[in-house]
Every structure is written in C-alpha cells, then in structure tokens.
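Per-entry structural report
Okay, here's what each chain looks like letter by letter:
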Amino acid sequence: MTAKTTQPPLLFAKTLFRASPGLATAWSVLVVLRGVLPAVVSLAFGWLVGAVARGASLTGPLVLVGSVFALMLVVQPLHQLVSANLGDRTAAHLYERLMDLCLEPAGIGHLESSELVNDLAMARDFDLGMMGPPLSVSMDFIATGLVDLVVGVAAAVLLFGFRWWVPPLVLLGWGSTHWM
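Residues numbered from 1 in each chain as written. Predicted model: local features only at pLDDT ≥ 70, side-chain atom pairs only at ≥ 80, totals over all residues. Heavy atoms only, no water.

Some words on the overall build of the protein
The number of helices and strands found in the protein is six helices and zero strands. Ordered by position from N to C terminus, the α and β elements of the protein give α-α-α-α-α-α. Taken against the 2.2 N^0.38 rule, which gives 16 Å for 180 residues, the C-alpha radius of gyration of the protein at 22 Å runs more than 25% over that of a compact globule. For the protein, the spread of C-alpha atoms along the three principal axes comes to 80 × 35 × 30 Å. Considering only residue pairs separated by 6 or more positions, the protein has 67% of its internal contacts joining residues 24 or more positions apart. Of the charged side chains in the protein, 9 are positive and 11 negative, and the gap between their average positions amounts to 17 Å. (Helix = DSSP H or I, 4+ residues; strand = E, 2+ residues; numbered from the N terminus. Rg over C-alpha atoms; globule rule 2.2 N^0.38 Å. Contact = heavy atoms within 4.5 Å. Lys, Arg positive; Asp, Glu negative; His and termini not counted. Charge placed at Lys NZ, Arg CZ, Asp CG, Glu CD.)

Considering the nonpolar core
Ranked by size, the top nonpolar core spans 16 residues in total, and within it Leu16, Trp27, Val31, Val82, Leu86 and Met139 carry the most contacts. Within the residue set of this core, elements represented by two or more residues are helix 2 (21-54), helix 3 (59-103) and helix 5 (135-159). In terms of residue count, helix 2 provides more of this core than any other element does, seven residues in total. With near-sequence residues (within four places) excluded, Val82 lies in contact with Leu23, Ala26, Trp27 and Leu30. (Core = buried A, V, L, I, M, F, W, Y, C linked by side-chain atoms within 4.5 Å. Buried < 20%, exposed > 50% of the residue type's maximum accessible area, 1.4 Å probe, protein only.)

Comments concerning the side chain of Arg34
Its location among the elements puts Arg34 in helix 2. Buried charge without a salt bridge: Arg34, with Asp140 as the nearest opposite-charge side chain at an N-O distance of 4.6 Å. With residues near it in sequence (within four places) discarded, Arg34 still touches Val75, Gln76, His79, Thr144, Val147 and Val151. (Salt bridge = Lys/Arg side-chain N within 4 Å of Asp/Glu carboxyl O.)

Digging into helix 2
In a regular helix each residue adds 1.5 Å, so 34 residues correspond to 50 Å; helix 2 covers 48 Å between its end C-alpha atoms and thus fits that length. The largest bend in helix 2 comes to about 30 degrees, at Leu37, with the proline Pro38 one to four residues further on. (Expected span 1.5 Å × (residues − 1). Bend = angle between axes of the 7 residues up to and from the residue.)

Some thoughts on the packing of helix 3 against helix 5
Their axes nearest at 7 Å, the elements helix 3 and helix 5 cross at an angle of 130 degrees. In terms of orientation, helix 3 and helix 5 fall into the oblique class. Here the hand of the crossing between helix 3 and helix 5 comes out right-handed. Note on element contacts: helix 5 touches helix 3 through Leu135, Ser136, Met139, Asp140, Ala143 and Val147, opposite His79, Gln80, Ser83, Ala84, Leu86, Gly87, Asp88, Thr90 and Ala91. (Axes fitted to C-alpha atoms, helices over the stretch in contact; angles between N-to-C directions. Parallel < 35°, antiparallel > 145°, perpendicular 65-115°, else oblique. Left-handed = near helix turned anticlockwise from the far one by under 90°.)

Here we look at the environment of Leu86
Within the secondary structure layout, Leu86 lies in helix 3. Note on Leu86: relative accessible area 0%, which makes it buried. With 62 residues separating them in the primary sequence, Leu86 and Ala24 have C-alpha atoms 6.8 Å apart.

Remarks on helix 4 (residues 114-127)
Helix length check: helix 4, at 14 residues, gives a terminal C-alpha distance of 20 Å against a target of 20 Å (1.5 Å per residue), a fit within 8%. Taken from the residues just after helix 4, Gly129 is the one with a positive phi, measuring 85 degrees.

Remarks on the packing of helix 1 (residues 8-19) against helix 3
At a closest axis distance of 9 Å, the pairing of helix 1 and helix 3 adopts a crossing angle of 90 degrees. Regarding the angle of helix 1 to helix 3, the classification is roughly perpendicular. Residue-level inspection shows Thr15, Leu16, Arg18 and Ala19 of helix 1 in contact with helix 3, the latter providing Leu86, Arg89, Thr90, His93 and Leu94. Here the residues of the contact of helix 1 with helix 3 are counted per class, giving four nonpolar, three polar and two charged. (Nonpolar A, V, L, I, M, F, W, Y, C, P; charged D, E, K, R; others polar.)

These values are about where atoms sit, not about what they do.
If you want it as structure tokens, here you go:
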C-alpha cells in the first residue's frame, strides 16, 4: 500500500511505530488504560457502596478504590511525558526521512523544484509552530481525543450490565455529537 492510499489515521499510527516502537506501544497502552480507568473506578465505588450497605468488610473495596484512584492520578501526567517524547522522536524521524528524500537523487537539480521548496517551507513552518503546534505538543491533544473515545466505549460496555438496550442508545447519542 502506498502512502496515498493509506488512511491518514493508519499512516499516522505506522509513522509513530516507525519512529519509536517502544514509546508508541507505551503511548497506545496508556490511551487504553486512561480510557478504561473511569469505568473501573465506577465499579470499585459500586463495590464499596455495596459493601457499606451490606455491612461487609471494607478492606478489599477500599484498597481497590484507593489503588485505582491513585493510578488515575499518576497515569495522566505520565501519558503527557510519553506523548511529548514520542512527538519529538516522530518529528526527528520525519526530518530524517525528509533529508533522505532530498539527498537521494544525484545532483541538486531536484532541489530547485518550486513544489519541493514549498513543501520544505511548510515543514519548517510547521516545526516552528507557525502552522499549528509542534508534534510534541499535538500528541497530548491527540491522546486526549482518543482517551475520550475509549472512555465512551468503556462506559457503553459497562452499561451492558444494566440493560442491553442502553449502550446502543448512548453510543448513538454520543456518536451523533462527535465527529472523528
């Protein structure tokens, strides 16, 4: 598949993994973890409230609530750091590819192409933050959007425990207000 026929989200994911496979994997795992933790906190609080109502031991529910809540507080700043580092590495990877493409043909005649000059100027302006935030900053915004998507799906899955028809209804309402 060429870059022109690949969907932009898939091309973006492939570029992240080419730039830094370890960081891209950690970033993806943290997206899923941050998206699932609110549903786990809801279940933990439900277990705690149920234990209080029954007069049962509170040790297990309190340990779970405290652990999951602490994990929620730690995961978000960690994800920001991973996002910034992955954004820097991806930008460096893209610059290396750009340099390889500029140095690949013999001679310098191809560098005089007005189309290439415009593309190089656009890449420079993007990196300087003139056309949008640099990739190290953008990665956190991208992660937040993906986390919101996972939170919605996790909440819908959680609702299946109550009524089967509620998750499709919630996803339909939520999906009608969110455009990808």
